[in-house]
Amino acid sequence: MGMDERAVTEAVAGLELRGNEEGLIPAFGLYLTKHFADYYNRISFGLVGAFIRELPELEEDAIALLTEAGHVCAFHTFGGIMVSVEWDAVVRPMISTREDWAKGMIGVVNALGWGRYRLAELVPNERLVLEIAHSYEAVGMLEGYGKAKHPRCFLAAGGGAGLMNLLYQGDITKRPALTEDYYHEVFGHPRSFRARETRCLAMGDSHCEIVVERQRH
Amino acid sequence: MSKEIGPAFDIERGIIDLGGRRVVLHCNHYNVFLQRTIEDGLKARAPRLLAAAGMETARNLLGGLEVKAPSASPRESLERAVRIFAEHGFGAIDISRMNDQGGTATIARSHYAIGWRSRWGIRQTPGCYFPAGYLAGAVAIASNLAPERVVATETACYAAGAEQCTFVVEVW
Ligand SMILES: [Zn+2]
């Protein structure tokens, strides 16, 4: 039947997730928050800003740390969602290929408020290109800090790499337990996927572009 | 009671808007991992950044809502802040021992504290910086106070081994 990304987005948005009597949102085997972009941007750009001012040679390290947080996010959030009963109910019936898993996940992401993601290119086991409109990181950068010299969508980059790692380095379709050991096995592999942001709204580009490929050594 | 404004989803842009600010969904793993990244990177300065970011986030959000749908009283404003906090998954804040000039608040099951403890176990110091900052911002907006006049300190935290999280909010 083919993957209908928009139907997935609508279904997830339609869940109307909100806190229970304890003020928590258990969903997809996780505790979700409907957090605020302002907070993530202030703490992330605060960290990068401090490094640039005091240890400019370590800017790349700060970015690597924040991108690693994106890997962790993808592993647990995307991974958790892809092994959840909600995924089975809504997305699984539309899946016929491994690439449909990626398309279905983009449909989910488009309900999370991160901006509008478009899967521009997916070469199985090799390469992913994501185009993002209204990335909350880039928008927050422009709004609070002005135009950037370098890309600023650390979560989006880490998330893109994570999606490819879950599908082609590990195998999320087999419902692995999402343990620390499995994380290190998949993301620590020397040929695992990593992302580069090749265009960024925060740098004045019309949108953000994330290119994900395997590491070469 | 003021008109309630809820998050609005724009599917074409992938944006969830609440009172003019962006809402983005993330899970416990990312939230506590990112916090730890900031704490490891900034060491002693991290608590200040994390709490200040929480406070400014709350002030922008709640201040915007007060403009669009003014609360009838400081108490009502504070109650809206608490309601949003719980609806957004951060935990249920008990403000029965607080008034618009501060006091003591508790969270029985704080998202950040539960997330931290389940991932890394008990930590040495309280870890609910976002909730503390948010509370301070909520009081500043509710009572129309300059931000520097409000300080919220987490005096006990589930993530540091306490039964629940306790916050003392002081107004200078
Ligand atoms: Zn706590």
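Residues numbered from 1 in each chain as written. Chains lettered and ligands numbered in written order. Predicted model: local features only at pLDDT ≥ 70, side-chain atom pairs only at ≥ 80, totals over all residues. Heavy atoms only, no water.

(A) Main features of the overall build of chain A. Secondary structure summary: chain A contains eight helices and six strands in total. Taking 217 residues into account, the globule formula puts the C-alpha radius of gyration at 17 Å, and chain A, at 17 Å, falls close to it. If one aligns the C-alpha atoms of chain A with their principal axes, the spans along those axes are about 50 × 45 × 35 Å. In chain A, which comprises 217 residues, the proportion classed as buried is 57%. For chain A, restricting intrachain contacts to residue pairs at least 6 apart in sequence, the fraction spanning at least 24 positions comes to 62%. Between the averaged position of the 22 positive side-chain charges in chain A and that of its 30 negative side-chain charges there is a distance of 4 Å. (Helix = DSSP H or I, 4+ residues; strand = E, 2+ residues; numbered from the N terminus. Rg over C-alpha atoms; globule rule 2.2 N^0.38 Å. Buried < 20%, exposed > 50% of the residue type's maximum accessible area, 1.4 Å probe, protein only. Contact = heavy atoms within 4.5 Å. Lys, Arg positive; Asp, Glu negative; His and termini not counted. Charge placed at Lys NZ, Arg CZ, Asp CG, Glu CD.)

(B) Broad picture of the overall build of chain B. Looking only at helices and strands, chain B features five helices and seven strands. N-terminal to C-terminal, the α/β element order of chain B is β-β-β-α-α-α-β-β-α-α-β-β. Scaling as 2.2 N^0.38, a compact globule of 172 residues should have a C-alpha radius of gyration of about 16 Å, and chain B matches this with 16 Å. Seen along its three principal axes, the alpha-carbon backbone of chain B occupies a region of about 45 × 40 × 25 Å. Expressed as a percentage of its 172 residues, the buried residues of chain B come to 58%. Pairs at least 24 apart in sequence give 60% of the contacts found in chain B among residues at least 6 apart. Accessible area for chain B stands at about 6,900 Å²; split by element, carbon and sulfur atoms hold 53% of it. A gap of 6 Å separates the mean positions of the 19 positive and 17 negative side-chain charges of chain B. (Areas by Shrake-Rupley, 256 points an atom, 1.4 Å probe, with all protein chains shown as cover.)

(C) Structural view of the packing of helix 1 (residues 5-13) of chain A against helix 5 (residues 98-109) of chain A. Residues and elements named next belong to chain A. Here helix 1 crosses helix 5 at 40°, and the two axes come no closer than 7 Å. Classified by the interaxial angle, the pair formed by helix 1 and helix 5 is oblique. The handedness of the crossing between helix 1 and helix 5 is right-handed. Along the contact surface, helix 1 presents Glu5, Val8, Thr9 and Val12, while helix 5 presents Lys103, Gly104, Ile106, Gly107 and Val108. (Axes fitted to C-alpha atoms, helices over the stretch in contact; angles between N-to-C directions. Parallel < 35°, antiparallel > 145°, perpendicular 65-115°, else oblique. Left-handed = near helix turned anticlockwise from the far one by under 90°.)

(D) Looking closely at helix 1 (residues 28-42) of chain B. Residues and elements named next belong to chain B. The first and last C-alpha atoms of helix 1 sit 21 Å apart over 15 residues, in line with the 21 Å expected at 1.5 Å per residue. Along helix 1, the residues that are buried comprise Asn28, His29, Tyr30, Asn31, Val32, Phe33, Leu34, Gln35, Thr37, Ile38, Glu39 and Leu42. Among the residues trailing helix 1, lysine 43 stands out with phi positive, at a value near 50°. (Expected span 1.5 Å × (residues − 1).)

(E) View of the sheet that holds strand 2 (residues 15-18) of chain B. Ordered in space as 1(A)-2(A)-3(B)-2(B)-1(B), the five strands form an open sheet in which the pairing is antiparallel. In this open sheet, the two edge strands, each paired with only one partner strand, are strand 1 (25-27) of chain A together with strand 1 (8-10) of chain B. Strand-to-strand twist in this sheet, taken as the mean axis angle between neighbours without regard to direction, amounts to 40°. Strand direction decides the pairing type here: strand 2 of chain B and strand 3 (residues 21-27) of chain B, joined by three bridges, are antiparallel. Of the residues in strand 3 of chain B, the one forming a bridge with B:Ile16 is B:Val23. Packed onto the sheet, helix 2 (residues 37-54) of chain A meets strand 2 (30-36) of chain A together with strand 3 of chain B and runs at close to 85° relative to strand 2 of chain A. (Pairing = 2+ DSSP bridges.)

(F) Examining the coordination of the zinc ion more closely. Residues and elements named next belong to chain B. The zinc ion binds to the protein through Cys128 (SG), Glu154 (OE), Cys157 (SG) and Cys165 (SG), with metal-donor distances spanning 2.0 to 2.3 Å. Every donor counted, the four donor atoms about the zinc ion form angles of 98 to 116° at the centre, which fits tetrahedral coordination. Between consecutive donor residues of the zinc ion, the sequence gaps follow C-x25-E-x2-C-x7-C. Assigned by exposure class, glutamate 154 and cysteine 157 land together as buried. (Donors = N, O, S within 2.8 Å, 3.2 Å for Na, K, Ca; no water. Tetrahedral: all angles 85-135°; square planar, octahedral: opposite > 155°, others 65-115°.)

(G) Highlighting the pairing of strand 3 (residues 116-123) of chain A. All names here are of chain A. In terms of strand pairing, strand 3 meets strand 4 (residues 127-133) through seven bridges, oriented antiparallel. Bridged to glutamate 121 within strand 4 is valine 129. Linkage of strand 3 to strand 4, two consecutive antiparallel strands, is achieved through a turn of three residues, within which asparagine 125 is found at a positive phi near 65°.

(H) Representation of unusual backbone geometry within the structure. Residues and elements named next belong to chain A. Phi is positive for glutamate 16, close to 45°, though the residue is something other than glycine. Topologically, glutamate 16 is positioned in the loop between helix 1 and strand 1. Judged by its relative accessible area of 59%, glutamate 16 is exposed. At asparagine 125, a residue that is not glycine, the phi angle is positive and equals roughly 65°. On the secondary structure map, asparagine 125 appears in the loop between strand 3 and strand 4.

It is worth stressing that arrangement in space is one thing and function is another; only the former is reported here.
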